[in-house]
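A look at the structure
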Amino acid sequence: IAIYMPQNLKFNLKADYGSEDIGAALGAFAKLRDSWNSGGFFDADLGAIAQQAGKLATGLSGFFTGGLGSGIGAAVQRRTGIAPAAMTEMIFNGIDYRSFSFTFKFTPRSRKESDVVNNILHTFKDAMLPTRYGTRSIAAYQVPHEFVIRFMKGTKINPFIDQIGLCACTDIDIDYGGDKFSTHPGGDPVSIDMTIGFRELELMERTRYNELRNSARLGGK
């Protein structure tokens, strides 16, 4: 299906990072390593090292005293003025599948144009629906069609717009008539709005992203 460019195109790339507790001992050693590598081992980083060491000492004291670690930690903080820092690091959790939504407005001026619009709407709806297995009851589904979406400039892919990976159509909203429903003499609506949603079936990691980008630059499919 060749269709006009939507009024708005929005793309997103998200990477999920989260904090993770790395433990007292590992945290103290990590601070020592960072301080040594930065060349500031004998400078301001000693404060951070002391904080981590204080928390390590607090945790160890709680282990050996049967739960008195919080009290000892409070006493250490009171006398030294050092509050143990949370021993966490930001770690990469992964990426998610992207979703896209496009809105189109059709205003057919003749029965021929109305037939073309109707065929476009039917093709999208038919392709997004599964086929059932079974006659009396649905025993299983044959999965729907998959979609390849490309943004074109003339007969070639537009290299200035990000491309989308293999998709499934997840939802279609059709509004017949616009603000006030009206039809041509044959019953075909004067105005039709369609919003169609897609979800990528492949994760857009670096290799795939560059494959699509290079394909667009070379005018591929």
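What counts, and where the lines are drawn
- Residues numbered from 1 in each chain as written.
- Predicted model: local features only at pLDDT ≥ 70, side-chain atom pairs only at ≥ 80, totals over all residues.
- Heavy atoms only, no water.
- Helix = DSSP H or I, 4+ residues; strand = E, 2+ residues; numbered from the N terminus.
- Contact = heavy atoms within 4.5 Å.
- Areas by Shrake-Rupley, 256 points an atom, 1.4 Å probe, with all protein chains shown as cover.
- Expected span 1.5 Å × (residues − 1).
- Buried < 20%, exposed > 50% of the residue type's maximum accessible area, 1.4 Å probe, protein only.
- Core = buried A, V, L, I, M, F, W, Y, C linked by side-chain atoms within 4.5 Å.
- pLDDT = per-residue confidence, 0-100.
- Patch = residues over 30% accessible without salt bridge, like charges linked within 9 Å, V, L, I, M, F, W, Y side chains within 5 Å.
- Salt bridge = Lys/Arg side-chain N within 4 Å of Asp/Glu carboxyl O.

**So, the overall build of the protein chain**
Looking only at helices and strands, one finds five helices and nine strands in the protein chain. Listing each helix as α and each strand as β along the protein chain from the N terminus yields β-α-α-α-β-β-α-β-β-β-β-β-β-α. The long-range share in the protein chain, meaning contacts at least 24 apart out of those at least 6 apart in sequence, stands at 69%. If you sum the accessible surface of the protein chain, you get close to 15,400 Å²; carbon and sulfur atoms cover 55% of it.

**Digging into helix 4 (residues 111-128)**
For helix 4, built from 18 residues, the straight-helix expectation of 26 Å at 1.5 Å per residue is met to within 8% by its first-to-last C-alpha distance of 26 Å. Along helix 4, the positions that sit buried rather than exposed are Ser114, Val117, Ile120, Leu121, Phe124, Ala127 and Met128. Here the buried face of helix 4 lies against strand 3 (99-106), strand 8 (167-176) and strand 9 (192-200).

**A closer look at the nonpolar core**
By size, the foremost hydrophobic cluster in this structure holds 22 residues, and its most contacted members are Phe102, Phe124, Ile196 and Phe198. When contributions to this core are tallied by element, the ones reaching two or more residues are strand 3, helix 4, strand 8 and strand 9. With six residues, the single largest contributor to this core is helix 4. In this structure isoleucine 196 touches Phe100, Ser101, Phe102, Phe104, Phe124, Cys169, Asp171 and Ile172, once residues within four positions along its chain are discounted.

**Focus on the environment of valine 148**
Summarising the element assignment, valine 148 is placed in the loop between strand 5 (140-142) and strand 6 (152-153). By relative accessible area, which is 59% here, valine 148 ends up exposed. Counting along the chain gives 16 residues from valine 148 to isoleucine 164, while the straight-line C-alpha distance between them is 7.8 Å.

**A short note on the confidence of the model for the protein chain**
As a general rule, the predicted coordinates of low-pLDDT regions are not to be interpreted in detail. The predicted model of the protein chain has a mean per-residue pLDDT of 81, with 73% of residues at 70 or higher. Segment residues 63-68: pLDDT under 50, and three contacts once partners within four positions in sequence are set aside and those in other chains are kept.

**A look at a nonpolar patch on the surface**
On the surface, Tyr17, Met90, Phe92, Ile95, Tyr97 and Leu203 cluster together into a nonpolar patch covering about 590 Å² of accessible area. No other element matches strand 2 (residues 88-95), which puts three residues into the nonpolar patch. Relative to the helices and strands, phenylalanine 92 is located in strand 2. What makes phenylalanine 92 partly exposed here is its relative accessible area of 48%.

**Notes on the pattern of salt bridges**
Evaluated as defined, the whole model comprises seven salt bridges. With a shortest N-O distance of 3.7 Å, arginine 199 and aspartate 96 are connected by a salt bridge. Highlighted residues: arginine 199 in strand 9 and aspartate 96 in the loop between strand 2 and strand 3, separated in sequence by 103 residues. Here arginine 199 falls in the partly exposed class, since its relative accessible area comes to 31%. Assessed through its relative accessible area of 54%, aspartate 96 is described here as exposed. Note that arginine 98 and glutamate 200 form a salt bridge whose closest N and O atoms lie 2.9 Å from each other. Taken together, the positions of arginine 98 in the loop between strand 2 and strand 3 and glutamate 200 in strand 9 put the pair 102 residues apart, joining distant regions of the chain. Assessed through its relative accessible area of 2%, glutamate 200 is described here as buried. One salt-bridge network, held together by shared partners, links Glu202, Arg208 and Glu211.

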